[in-house]
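Residues per chain are reported as follows:
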Protein chains: 2
Amino acid sequence: MAARALAIHIRRAQQGDAEAIMATFASPRAMAGTLQLPYPSAEIWRKRIADQGPEDFMLVAEVKGTVVGNLGLHPAGRARRRHAASVGMSVRDDMQRQGVGTALLLAAIDIADHWLNYTRLELTVYTDNIAAVTLYRNFGFVIEGTLQGFAYRNGRYVDAYTMARLRTLPAAPVSATAQARQRPQRKAAKTTRKRTAA
Amino acid sequence: MAARALAIHIRRAQQGDAEAIMATFASPRAMAGTLQLPYPSAEIWRKRIADQGPEDFMLVAEVKGTVVGNLGLHPAGRARRRHAASVGMSVRDDMQRQGVGTALLLAAIDIADHWLNYTRLELTVYTDNIAAVTLYRNFGFVIEGTLQGFAYRNGRYVDAYTMARLRTLPAAPVSATAQARQRPQRKAAKTTRKRTAA
């Protein structure tokens, strides 16, 4: 019998979510899978939520009124890297593999593609986090490299994949002036072809 | 006839260097090879030099009293990435291929290895910047991946290599207490061996 799909609600993080985010990182797998530290602090998360810039998106996934996962979508750089954003994500250990990560990523990619016009999404993921790597691959992320000894985790240095999801730019905007300039040219070309055919 | 080697003096950047650093980034190749922008600003560099943290190293290379190159060595992250630092470097166009980059890198790697105990140095470099890639390779950096469309440069998106130089950790420090605890054990082992041999 297939499990009934969870009702997952995605929204922007707010001050009151700090405790729930802390609880997510108090679950060992979620903490180890990121760059977070043991003994997470609600205070640090309150500050992080408050300090977001206008282009920072900290999203949370709510199941039955409880926040069980979070995702950050942040500009990867300024000016010459304005097309790129970085993604980081975590789901509370007891809520993993139930579609929470998928729901968070769907929401993030929707705003990245359709509103923020990012054409390059980047992330790092530990090479042994198979579930996460598979999820990212399903969303079109590809492995661009392997960063050796990227971070320290439970007494050892671990490698990470650097992954990216690339999107082709939509057709560039064309100004009314440019369109007006192009129209007569196209007509002229057609006329030429007609003349040749005649 | 071989060119005489330049006398290159490496030191920490200071407020008065902002104009010379600006001049470096006003030279087109140096600007394009980084994430810097056209029309560099001495004001931004003055602020950047002033805002350095205690673990940020902004070094400059001086030739005949003029700063012609700069290098930044910065912590790559906190806590779980404390072993890693990132490197970024630039040499004024008319002073390239004269050993300035080598002198800057030598200085940075010396402090990274012998004083700051970084075991992972990271950098990104545009894939078509052959001279820089070769220099980094000569210093033990390896290509860990290729980041597609990493940055925008003169009207196009360009790929970058992510490179790293890994160093094995020196022997771990042994406390006086641990040494004292080990000594009698070693003596006991010797005695045992003697007894067996007898």
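Quick caveat: nothing in here was measured; it's all calculated off a predicted structure.

S.K.: Explain the side chain of Asp113(A) to me, using residue names and the numbers behind them.
M.R.: All names here are of chain A. Topologically, Asp113 is positioned in helix 4 (residues 100–114). Assessed through its relative accessible area of 13%, Asp113 is described here as buried. Of note is the side chain of Asp113, whose polar atom sits 3.1 Å from the side chain of Arg165. Within the structure, Asp113 has its side chain in polar contact with the side chain of Arg167 (distance 3.2 Å). Setting aside residues up to four positions removed in sequence, Asp113 forms contacts with Tyr118, Arg165 and Arg167.

S.K.: So, unusual backbone geometry: which residues are in play, and what are the values?
M.R.: Residue and element names in this part refer to chain B. In this structure, Lys64 is a non-glycine residue whose phi angle is positive, near 50°. Here Lys64 is to be found in the loop between strand 2 (57–63) and strand 3 (66–75). Within the chain, Asn154 stands out as a residue other than glycine whose phi angle is a positive 50°. Checked against the element boundaries, Asn154 lands in the loop between strand 6 (142–153) and strand 7 (156–166).

S.K.: A description of the packing of helix 1 (residues 18–26) of chain A against helix 3 (residues 42–50) of chain A should follow, citing residues and the corresponding values.
M.R.: Residues and elements named next belong to chain A. It is at 8 Å that the axes of helix 1 and helix 3 come closest, and there the two elements cross at 120°. With respect to their mutual orientation, helix 1 and helix 3 come out oblique. The two elements helix 1 and helix 3 cross, and the hand of that crossing is right-handed. The segment helix 1 lies against helix 3, with Ala18, Glu19, Ile21, Met22 and Phe25 engaging Ala42, Trp45, Arg46 and Ile49. In the contact of helix 1 with helix 3, the residues fall into 7 nonpolar, no polar and 2 charged.

S.K.: Before we move on, can you summarise the relation of the copies chain A and chain B with the specific residues and values?
M.R.: If you rotate chain A by 180° and push it 0.0 Å along the axis, it lands on chain B with an RMSD of 0.0 Å. Taken together, the turn and the small shift mark the pair as related by a two-fold rotation axis. The rotation axis passes nearest to the C-alpha of Gly145(A) in chain A, at a distance of 1.9 Å. A shared binding surface is used by both copies, with 100% of the interface residues of chain A retained as interface residues in chain B.

S.K.: Please give an account of helix 1 (residues 18–25) of chain B that cites residues and values.
M.R.: All names here are of chain B. Among the residues of helix 1, Ala18, Ile21, Thr24 and Phe25 are the ones counted as buried. For helix 1, the angular spread of buried residues about the axis comes to 115°, placing them on one side. Structurally, helix 1 contributes buried residues whose contacts are with helix 2 (28–32), helix 3 (42–50), strand 2, strand 3 and strand 4 (84–91).

About the cut-offs
Residues numbered from 1 in each chain as written. Chains lettered and ligands numbered in written order. Predicted model: local features only at pLDDT ≥ 70, side-chain atom pairs only at ≥ 80, totals over all residues. Heavy atoms only, no water. Helix = DSSP H or I, 4+ residues; strand = E, 2+ residues; numbered from the N terminus. Buried < 20%, exposed > 50% of the residue type's maximum accessible area, 1.4 Å probe, protein only. Polar contact = N/O pair within 3.5 Å; in protein donor to acceptor, adjacent residues only side chain to side chain. Contact = heavy atoms within 4.5 Å. Axes fitted to C-alpha atoms, helices over the stretch in contact; angles between N-to-C directions. Parallel < 35°, antiparallel > 145°, perpendicular 65-115°, else oblique. Left-handed = near helix turned anticlockwise from the far one by under 90°. Nonpolar A, V, L, I, M, F, W, Y, C, P; charged D, E, K, R; others polar. Least-squares fit on C-alpha atoms with pLDDT ≥ 70 in both. Arc of directions from axis to C-beta.

Scope: geometric values only; no functional claims are made or implied.
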